[in-house]
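Analysis of the macromolecular model
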Amino acid sequence: PAHVVDPDQVVRYTITQSSETFGSFTNTSATFKELGIQRASSALSDLAAFFSASVSYGRGEAARDLRATIATANFFPLLGVRPELGRFFTTGDDPVGGGDPTAVISYRLWQREFAGRPDALGKSLWLGSRQYQIIGVAPQYFTGVDLKAVDAWLPLHTGAREFLGNSDEWRDTWNWQWVKLLGRLKPGITRTEASAEATVRYRAATAEVEDRKNDKGTVTFQPIIAGRGADQTQTPLVVALLAGVSGLVLLITCANVANLVLARGLARRRETAVRVALGVGRGRLVRSLLIESLSLATVSAVIGLGLAYGGGVVARALLLPGIDFIEPPVDDRLMGVAFLASLVTGVLVGLAPAFRLSRPDLADDLRAGAGRGSAGREQVRFRNVLLFTQAALSVIMLLCAGLFWKSLRVAESVDFGFRPEGLVTADIDLRTAGYSKPQQHAFYDDAYRRFKTVPGVAGVSLTTTNPFWTRQGTNVRIPGLDSIPRLKSGGPYFSAVTPDYFTTLGISIKRGRGFVEEDHSGAARVETLARTFWPGEEALGKCLLVGRGSTVCREVVGVSADASNESLEQEDVQAYYLPLAQSDSLAGDRYLMIRAAGNPLPMVGSIGRRLQTMAPNLPVASVRLMQEQIEPLMRPWRLGAALFGIMGLVALGVALVGLYSVLSYLVAQRTREFGIRSALGAPLREVIRMVVLEGQRVILAGIVAGLAVSILAVKFLVPPDLIARVLFKISPTDPVVLGGVALLLVVTTLLGSLVPAMRAGRVAPMEALRAD
């Protein structure tokens, strides 16, 4: 993260624990009480807390979303960050119970809203429910530690009400895990040592706490980048693979250009021999050839930087639309890397050809015409090794492209149990506008009725959870049983919904029925929960006691299909539905689910405007396509398929150029031989076949080697869990992908070898015989 001092010493607090409701899991959030417990650790020099979320900026129709972070006053000093302008907030700005609302804004917001003027200090921003006075500006590119753009930082106690409401329960409860803890290790202390001490402190503090005394929680300090620790996703793995494949592209290109330089050097054999005969030293000759190679590499680096910048802009827009980037695609670091790579590439490309071309056979080269003569055995071997290596590396790269493409196809074909196409989800943070719980429910009930009559709306429903966004759980008991079966995925989770929820989302009812307006305590059950709660029995008519201490029997009136709500790869999850009208004591926030009759995209803006005009001075409405919520789950495979696919096309192009260069080298060396063959009556097809087979033998050997290396690496070098996280439900040795890659490379290189082969077949016999 930008501006963080000694980031390797900064660690994230995570805890692995178990609960009756959710089973065993690792939580990257903590209770606020744990901040006080762990602050006294002898392994940490400091410990800070923060929490990030969207907050409404402005009021009414002009309102929009900003990303804000609430943090303890030591957040910035712990990271070693200094303000660009003004100051950061201190403990005096953030007393327990909250103080005067102050804010530190991002450099980007400062430029956008205040044109970078110093008089921004002292001005106010309307964030959430009130105005905050600007006291400082963060340095450019600073986003905290989450690598997501942040527009404002607020003192934790003062700003908590914007995210958590007016209740102060979060300060003292052990059941509200929401805050992120960030520590800095003392010099010489390892993460393992700090984790061990923190675990002892946690267990001692919770030994007498109800609901926690039997929880043997284990604290682990993770790296500063969440994606490298407990929150690791497929995306960092895809990025690492892309970096490795980029190296393969560079190696293949180096091999190709080296072949081209060798082929071009044949035309300069007499020139080189004359220069040596006139006394030019070998070192000077090598230097001149390396200068040519370095010049070529430098020009290529400049072009490559331009392509990288333009390609980065396009890739961000098409593949990562949900990320608000604050840095350009190419910065000073990348330009430095490109310059260094150009130097290394220039040396790699030019060194071996330069040494070979600087040792001419003077008698033969001065006598021979340009490009005539025969290849020495050593030159042929060197040329074939380059082509063999290129073919093998191309196979590996094309396999990556093929596997990611197939993973994406499989991921896109996942049955979610509902139809996300055409579905829009909407909600508005009424809490920050001062609405009480009954007023919030009344607002959503009114919106529910209004949207039913909007043209273009095929269905509307209210729910307390949002697929791939939120989920909710509470205690569940079955009369006559001391305990209920648990799944690794946790749960059971519930959603309180209106009767039209199942038709709006497209969830099928397998047995029984869905809800009707007259239902007061029914419970529609999904298949997994029905199967695990009552194995071998019919779930219809069974009784559930929902909520801690509840004595109200909720009858199972229907069994619905399982519907995904968190990930593409999740295991079976226990879930159930309750009638919304009879679940106010259990239900949380509400969401509108709207199904469009046609294209849902034009409706997104109009839905937001309709919600914000229902009452004056409302915060911004959050309206999203359901597919936008699913898209981040697809991102690793979409990124991999797109970028590996582009590199696969590059590999094909490079393979063609490489084969062309090798065969051109061959034709240039054996021009006289081909002319003599033609003079002696050899048919054109025989000469063409000879040249094509010359290249294809090496290509086929390289393909076999590339396939063998890939299969062996997958079997013996790559951990199975890594493969399972990178590829989506396919085998890395998928025969369709392996065969397709081999066939594609064979056909492409076969076509690429025809041009130099046709040139060899058209060599005029008299021209070849007069060449000497």
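Residues numbered from 1 in each chain as written. Predicted model: local features only at pLDDT ≥ 70, side-chain atom pairs only at ≥ 80, totals over all residues. Heavy atoms only, no water.

Another point: the overall build of the chain. The helix and strand tally for the chain stands at 23 helices and 22 strands. A burial count over the chain gives 50% of its 772 residues as buried. Residue pairs at least 24 apart in sequence account for 80% of intrachain contacts in the chain once pairs closer than 6 positions are excluded. (Helix = DSSP H or I, 4+ residues; strand = E, 2+ residues; numbered from the N terminus. Buried < 20%, exposed > 50% of the residue type's maximum accessible area, 1.4 Å probe, protein only. Contact = heavy atoms within 4.5 Å.)

Across the eight residues that make up strand E19 (residues 553–560), a large majority, six, are buried. Relative to E19, strand E16 (residues 509–512) runs antiparallel, the two sharing three bridges. Bridging from a neighbouring strand, Arg-511 pairs with Val-559 of E19. For strand E18 (residues 543–546) and E19, the ladder comprises three bridges, and the chain directions are antiparallel. Across the sheet, residue Cys-543 finds its bridge partner in E19, namely Glu-555. Where E18 folds back on E19, the antiparallel hairpin that results is connected by six residues, among which Gly-547 adopts a positive phi of roughly 105°. (Pairing = 2+ DSSP bridges.)

As a further point, take the packing of helix H19 (residues 684–716) against helix H21 (residues 735–752). At a minimum axis distance of 10 Å, the contact between H19 and H21 shows a crossing angle of 160°. Judged by the angle between their axes, H19 and H21 are roughly antiparallel. Handedness of the H19/H21 crossing: right-handed. Across from Val-692, Gln-696, Ile-699, Leu-700, Ile-703, Leu-707 and Ile-711 in H19, the residues of H21 making contact are Leu-738, Ala-742, Leu-745, Val-746, Thr-749 and Leu-750. Tallied by class, the residues present in the contact of H19 with H21 amount to eleven nonpolar, two polar and no charged. (Axes fitted to C-alpha atoms, helices over the stretch in contact; angles between N-to-C directions. Parallel < 35°, antiparallel > 145°, perpendicular 65-115°, else oblique. Left-handed = near helix turned anticlockwise from the far one by under 90°. Nonpolar A, V, L, I, M, F, W, Y, C, P; charged D, E, K, R; others polar.)

This brings us to the packing of helix H13 (residues 437–451) against helix H16 (residues 601–612). Contact geometry for H13 and H16: axes closest at 11 Å, N-to-C directions at 130°. In terms of orientation, H13 and H16 fall into the oblique class. Crossing hand, H13 versus H16: right-handed. Residues Phe-443, Ala-447 and Phe-451 of H13 form the contact with H16, whose participating residues are Ile-607, Arg-610 and Leu-611. By residue class, the composition of the contact of H13 with H16 is five nonpolar, no polar and one charged.

The subject of this paragraph is helix H4 (residues 156–164). In terms of residue burial, H4 counts as a mostly covered element, since eight of its nine residues are buried. Listed as buried for H4 are Leu-156, His-157, Thr-158, Gly-159, Ala-160, Glu-162, Phe-163 and Leu-164.

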